[in-house]
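For reference, the chains in residue letters:
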Amino acid sequence: MRDCGVGFVGAGAVADRHARMLNEFPDVGLAAVTDPDEPRRAEFARTWRARPAADLEELLDAGVDAVYVCVPPFGHGRIEEAIAAAGLPMFVEKPLGLDLEVAERVAAVVADARVLTAVGHHWRYAATVRRAHELLADRPVRLVAGAWLDKVPPVPWWSHRDRSGGQAIEQAVHVLDLARLLAGEVVEVHAVAGAPAAGGDVAGATAAALRFADGAVGTLSATCVLGWKQRAGLEVFADGLAITITEDGIAVRADDREPAWEAVDPDDAKRAADRAFVDAVLGRADDVRVPYAEALRTHRLACALARSAEDGEPVHLLEEPNG
Ligand SMILES: NC(=O)c1ccc[n+]([C@@H]2O[C@H](COP(=O)([O-])OP(=O)(O)OC[C@H]3O[C@@H](n4cnc5c(N)ncnc54)[C@H](O)[C@@H]3O)[C@@H](O)[C@H]2O)c1
């Protein structure tokens, strides 16, 4: 039985990954897909037995129950607004946009429309993150050290800031989201960026210092000049406790105990994020951990970091108007 018919806006790599996960669920059907790249749209439609739609309007008319927005950072805005106007739930891939303007506007529109939203910060569904949360329950975080040390992803838009937003906004945002979850809100960020990586104007390296409202301090290091993914993750330190989290596992060293590494399958968190969204759409559960408004707080931090790197000045993050 197909209870939930999903439409896809964007038929690239991440759409394919979501389709693979959703296809495993017996109560989900991949109903329709639109993408201006016609061969891609056709291929996705053939692979997942979805109806190809010429544009967003046709997709929204196809009777879908929910929409996955899997477009590059420059593509956000009008898509989410149209889905909200149609009253449909949406799963939006990170980042929310190139900058803050579009994301703040969309946040207001989806809040007014009261539609269900989820954003692709799937790390929050990892068993490792739950474990870290538990370990930190009675020990305040003192220091976080985030890192995204990688290659340039193989998509044509990534190396251009006016297409991707740059590495902090596009990639390291996963780590910033985790830092917020485990150490609380950031009130000040000061970042510096090095020369562009080859082939575009995205900085080849970025380093940032962070001050958290609850007293912790932190760093973020990012580079995209490697030919491989060296490491992406977060180290968290509290009194007598050191935790390292990556998508592949967690290492914990506590008090006088020997360090231990526990591996996880990164697909588990991705699958759990998709399942939680579908269950929320079907009214069966309420475990969307990063709705649009929560992702906006992380996006504000990533944008503040990018602005600090650009201006060479610290940026103070203010409390949002409605708390
Ligand atoms: N959460 C995660 O772990 C994760 C992983 C990979 C990618 N992503 C994010 O997903 C987004 C897409 O990444 P990708 O790797 O799939 O990129 P991609 O380039 O492979 O695919 C993007 C697709 O969107 C299409 N597109 C562009 N504008 C569109 C529009 N207005 N309407 C419909 N389709 C449009 C493009 O033609 C392309 O086919 C990025 O923002 C990326 O950061 C998230």
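Residues numbered from 1 in each chain as written. Predicted model: local features only at pLDDT ≥ 70, side-chain atom pairs only at ≥ 80, totals over all residues. Heavy atoms only, no water.

(A) Seen up close, the pattern of salt bridges. Scanning the entire structure with this criterion turns up 25 salt bridges. In this structure, Arg284 engages Asp3 in a salt bridge whose closest nitrogen and oxygen atoms are separated by 2.6 Å. Of this pair, Arg284 sits in the loop between helix 10 (266-281) and helix 11 (292-311) while Asp3 is found in the segment before strand 1 (4-9), placing the two residues 281 residues apart along the sequence. According to the relative accessible area criterion, Arg284 is partly exposed, its value standing at 46%. Its relative accessible area of 23% is what places Asp3 among the partly exposed residues. The salt bridge involving Arg17 is made with Glu93; its shortest N-O contact spans 4.0 Å. Note that Arg17 is positioned in helix 1 (residues 13-23) and Glu93 in the loop between strand 5 (90-92) and helix 5 (100-113), a separation of 76 residues in sequence. With relative accessibility at 5%, the residue Glu93 sits in the buried group. Each of the salt bridges in this network shares a partner with another, and the network as a whole consists of Arg124, Asp177, Arg180, Glu185, Glu294 and Arg297. (Salt bridge = Lys/Arg side-chain N within 4 Å of Asp/Glu carboxyl O. Helix = DSSP H or I, 4+ residues; strand = E, 2+ residues; numbered from the N terminus. Buried < 20%, exposed > 50% of the residue type's maximum accessible area, 1.4 Å probe, protein only.)

(B) Region of interest: the packing of aromatic side chains. By the definition in use, this model includes six aromatic pairs. A ring pair is formed by Tyr68 and Phe277, whose centres lie 5.5 Å apart and whose planes are at 85°; its orientation type is edge-to-face. Taken together, the residues span a long stretch of sequence, with Tyr68 in strand 4 (residues 66-69) and Phe277 in helix 10 at a distance of 209 residues. For the ring pair Trp123 and Trp148, a centre distance of 6.2 Å and an interplane angle of 35° mean the geometry is tilted. One end of the pair, Trp123, is in the loop between strand 6 (117-119) and helix 6 (127-135); the other, Trp148, is in strand 7 (residues 141-149), and 25 residues separate them in sequence. Here a set of aromatic residues connected by ring pairs shows up, and it is made of Phe8, Phe44, Tyr68, Phe91 and Phe277. The side chain of Arg163 reaches across the aromatic face of Phe74, ending 3.7 Å from its centre. (Phe/Tyr/Trp six-rings, centres within 6.5 Å; stacked < 30°, edge-to-face > 60°. Lys NZ or Arg CZ within 6 Å of the ring centre and 35° of its normal.)

(C) Highlighting the environment of Val192. Tracing the sequence through the fold places Val192 in strand 8 (residues 186-193). For Val192 and Glu313, which are 121 residues apart along the polypeptide, the C-alpha to C-alpha distance reads 8.7 Å. Apart from residues no more than four positions distant in its own chain, Val192 is found in contact with Ala205, Thr206, Ala207 and Ala309. (Contact = heavy atoms within 4.5 Å.)

(D) How the structure looks around helix 2 (residues 38-48). Along helix 2, the positions that sit buried rather than exposed are Arg41, Phe44, Ala45 and Trp48. Seen along its axis, helix 2 keeps its buried residues to an arc of 100°; they face one direction. Of the exposed residues in helix 2, the ones pointing more than 90 degrees away from its buried face are Pro39 and Arg46. Tucked into the core, helix 2 has its buried residues touching strand 1, helix 1, strand 2 (28-34) and strand 3 (51-52). Positive phi appears at Arg49, one or two residues downstream of helix 2, with a value of about 50°. (Arc of directions from axis to C-beta.)

(E) Geometry of empty space enclosed by the protein. Under the counting rule described, the total for this entry stands at three cavities of 30 Å³ or more. The space that makes up the largest cavity amounts to roughly 70 Å³. Looking at the largest cavity, the residues that line it are His122, Trp123, Ala126, Thr128, Val129, Ile245, Thr246, Glu247, Val264, Pro266 and Ala269. Elements with a contribution of two residues or more to the lining of the largest cavity: helix 6, strand 12 (241-246) and helix 10. Among the residues making up the lining of the largest cavity, the classes are represented as seven nonpolar, three polar and one charged. (1 Å grid on protein atoms, 1.4 Å probe; cavity = no way out; pocket = protein on both sides within 12 Å on 5 of 7 lines; lining within 4 Å. Points joined across faces, edges and corners; volume = space filled by probe spheres on them. Nonpolar A, V, L, I, M, F, W, Y, C, P; charged D, E, K, R; others polar.)

(F) Spotlight on the side chain of His18. One can find His18 in helix 1. Not counting residues up to four positions away in its chain, the partners in contact with His18 are Phe8, Tyr68, Cys70, Phe91, Glu93 and Asp274.

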